[in-house]
Amino acid sequence: MKKSSHWGDNLRLVAICLVVWFAVSFGCGILFVDFLNQFSIGGFELGFWFAQQGSIIVFLLVIVAYVLGMARIDRRHDVAESDADETQGSEPGDPG
């Protein structure tokens, strides 16, 4: 039960990230480009900017949101990695 709840939260987070990424890259870069081109950033039409730069920036923000969200989900389900786990292991090259 605990494992399936963690997996369900993970899938929900992935779905949200994919919807945001799709909405920005496809929606702003293709579907709403004519409306967005009424505005400009640095001399470039906003639709073009989203297609070229904005979708990449939003994708990086989605990655950060996923990492933070997954850490929160792991803590909530008590499967978070801790710094103590990493320091208790042996160093690379140490026998045993």
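Located above this text is the structure these notes cover.
Starting afresh in each chain, residues are numbered from 1 along the sequence in its written order. At least 70 in pLDDT is required for a residue's local features to be given in this predicted model, at least 80 for side-chain atom pairs to be given and counted, and no such filter applies to totals for whole chains, interfaces and linings, which use all residues. The side-chain values count all of the structure's non-hydrogen atoms but skip hydrogen atoms and water molecules.

## Considering the nonpolar core
- Put simply, a nonpolar core is a bunch of buried Ala, Val, Leu, Ile, Met, Phe, Trp, Tyr and Cys residues held in one set by side-chain atoms that sit within 4.5 Å of each other. Three labels apply to residues, based on accessible area from a 1.4 Å probe with only protein chains included: buried if under 20% of the type maximum, exposed if over 50%, partly exposed otherwise in between. In this structure, L13, C17, V24, C28, L36, L46, F50, V58, V62, M70 and I73 together form the largest nonpolar core, which totals eleven residues.
- A run of H or I in DSSP becomes a helix once it reaches four residues, and a run of E becomes a strand once it reaches two; helices and strands are each numbered from the N terminus. Looking at this core, the elements that each hand over two or more residues are α1 (2–31) and α3 (46–76).
- In terms of residue count, α3 provides more of this core than any other element does, six residues in total.
- Contacts: residue pairs with any heavy atoms within 4.5 Å of one another. When near neighbours in sequence (up to four residues on either side) are disregarded, C17 contacts V62 and Y66.

## Overview of the side chain of H6
- Assignment of secondary structure puts H6 in helix α1.
- With near-sequence residues (within four places) excluded, H6 lies in contact with M70, I73, D74, H77 and V79.

## A word on α3
- Across its 31 residues, α3 extends only 39 Å between first and last C-alpha, which sits more than 12% below the 45 Å expected from 1.5 Å per residue.
- Axes are fitted to the seven residues ending at a residue and to the seven starting at it; the angle between these axes is taken as the bend at that residue. The sharpest bend along α3 measures roughly 50 degrees and falls at Q53.
- Those residues of α3 that fall on the buried side of the exposure criterion are L46, G47, F50, G54, S55, V58, V62, G69, M70, I73 and D74.
- Along its buried surface, α3 packs onto α1, α2 (33–36), β1 (40–41) and β2 (44–45). A helix is expected to span 1.5 Å for every residue after the first.

## Here we look at α1
- The end-to-end C-alpha distance of α1 is 41 Å, a good match for the 44 Å that 30 residues give at a rise of 1.5 Å each.
- Residues of α1 that are buried make contact with α2 and α3.

## Digging into the packing of α1 against α3
- In the contact formed by α1 and α3, the axes pass within 9 Å of each other and the chain directions differ by 170 degrees. Classified by the interaxial angle, the pair formed by α1 and α3 is roughly antiparallel.
- Grouping the amino acids of the contact of α1 with α3 by side-chain chemistry returns 15 nonpolar, eight polar and three charged. For helices, the axis comes from a line fit to the C-alpha atoms of the stretch in contact; other axes are also lines fit to C-alpha atoms, and the angle between any two N-to-C directions lies between 0 and 180 degrees. An angle below 35 degrees is read as roughly parallel, one above 145 as roughly antiparallel, one from 65 to 115 as roughly perpendicular, and any other as oblique. Gly is placed with the polar residues, together with every amino acid not listed as nonpolar (Ala, Val, Leu, Ile, Met, Phe, Trp, Tyr, Cys and Pro) or charged (Asp, Glu, Lys and Arg).

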